[in-house]
Amino acid sequence: KSLIFNNVDPIDLTDSNFRACDQLNRVEFNGPVKTIPRALFNDSTEIRTLIFFGSIDSIGSYAFASNGFIENLVFNGTIGKISYESFGSFTKLKSVIFKRDVTSIDKYAFNACSKLESIAFESNLGELQMFRGCNALKNITISGNVGSIATAAFHHNDVPSIENLDLSARHYGR
């Protein structure tokens, strides 16, 4: 089953509407979203395709937590805030690409994504707190300006070393 949001005006969703939907396997956000609230799709473990075309003001804690099928996430629009554990325990997630500006990523937003190998910020990054338990992480690319990256942003990863850290940004710090 699919859930497709084709809105033109920004929408604001409410908490836990689609929690533990075992039949849901595709979710598309084609238009702008004000808020994807806490636990909206938490434990909807059969979602295999998750597409973000529009801008998102904020993604709440545990919004998509505990998904074992999604391998790649691409955010095509601007992103405001990604909260604590929004994408926690995505056990097959291999890559995350942010094509437009990201304001902030809270600590543990991508917690325990054990197969995550690559993160790419193709535009500006305001604030990055932490990717924790991402033990396969090897490639980090930041092409736009950077506001701040927390001291322990990639701490608690059992990674022998980051193989590729590309900071093509033109400006660091505030």
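Scoring rules and cut-offs
- Residues numbered from 1 in each chain as written.
- Predicted model: local features only at pLDDT ≥ 70, side-chain atom pairs only at ≥ 80, totals over all residues.
- Heavy atoms only, no water.
- Phe/Tyr/Trp six-rings, centres within 6.5 Å; stacked < 30°, edge-to-face > 60°.
- Helix = DSSP H or I, 4+ residues; strand = E, 2+ residues; numbered from the N terminus.
- Buried < 20%, exposed > 50% of the residue type's maximum accessible area, 1.4 Å probe, protein only.
- Polar contact = N/O pair within 3.5 Å; in protein donor to acceptor, adjacent residues only side chain to side chain.
- Contact = heavy atoms within 4.5 Å.
- Core = buried A, V, L, I, M, F, W, Y, C linked by side-chain atoms within 4.5 Å.
- pLDDT = per-residue confidence, 0-100.
- Pairing = 2+ DSSP bridges.

A. Spotlight on the packing of aromatic side chains. Scanning all chains against the criterion turns up 17 aromatic pairs. With centroids separated by 5.1 Å and ring planes inclined at 10 degrees, the aromatic side chains of Phe87 and Phe110 adopt a geometry described as stacked. On the criterion of sequence distance, the pair formed by Phe87 in the loop between β8 (79-82) and β9 (95-98) and Phe110 in the loop between β10 (102-107) and β11 (118-121) is long-range, its members being 23 residues apart. Geometrically, the ring pair formed by Phe98 and Phe121 is stacked, given 4.9 Å between the ring centres and 5 degrees between the ring planes. Note that Phe98 is positioned in strand β9 and Phe121 in strand β11, a separation of 23 residues in sequence. Phe121 matches Phe98 in its accessibility class, with the two residues each being buried. Taken together, Phe5, Phe29, Phe41, Phe52, Phe64, Phe75, Phe87, Phe90, Phe98, Phe110, Phe121 and Phe131 form an aromatic cluster joined through their ring pairs.

B. Seen up close, the side chain of Asn7. Here Asn7 lies in the loop between β1 (2-5) and β2 (11-12). Accessibility expressed as a relative area gives 18% for Asn7, which makes it buried. At 2.8 Å, the side chain of Asn7 forms a polar contact with the backbone oxygen of Asp9. Within the structure, Asn7 has its side chain in polar contact with the backbone oxygen of Pro32 (distance 2.8 Å). Each residue touching Asn7, except ones within four places of it in the same chain, is listed here: Gly31 and Pro32.

C. Fine view of the environment of Lys81. Summarising the element assignment, Lys81 is placed in strand β8. C-alpha of Lys81 to C-alpha of Asp106: the two residues are 25 residues apart in sequence and 7.5 Å apart in space. When neighbours within four sequence positions are excluded, Lys81 is seen to be in contact with Asp57, Ser58, Ile59, Ser104 and Asp106.

D. Representation of the nonpolar core within the structure. Formed by 45 residues in total, the largest nonpolar core has its most connected members in Phe29, Phe64, Leu73, Phe87 and Phe110. Filtering out sequence-adjacent residues up to four positions away, Phe87 remains in contact with Leu50, Phe52, Ile59, Phe64, Leu73, Phe75, Ile82, Ala109, Phe110, Asn111 and Cys113.

E. Broad picture of the confidence of the model for the protein chain. Put simply, the protein chain has an average pLDDT of 84, and 88% of its residues get 70 or more. Least confident of the elements in the protein chain is strand β15 (residues 164-167), whose mean pLDDT is 66; most confident is β8, at 95.

F. The sheet that holds strand β6 (residues 56-59), seen in detail. Within the open sheet, the seven strands sit side by side as β2-β4-β6-β8-β10-β12-β14. Their pairing is parallel. In this open sheet, the two edge strands, each paired with only one partner strand, are β2 and β14 (146-149).

G. Molecular detail of the side chain of Ser104. Looking at the secondary structure, you find Ser104 in strand β10. Residue Ser104 is classed as buried on the basis of its relative accessible area of 10%.

H. Quick look at the environment of Gly147. Looking at the element boundaries, Gly147 is found in strand β14. Residue classification places Gly147 among the buried positions, given a relative accessible area of 17%. As a C-alpha pair, Gly147 and Glu127 span 20 residues in sequence and 5.6 Å in three-dimensional space.

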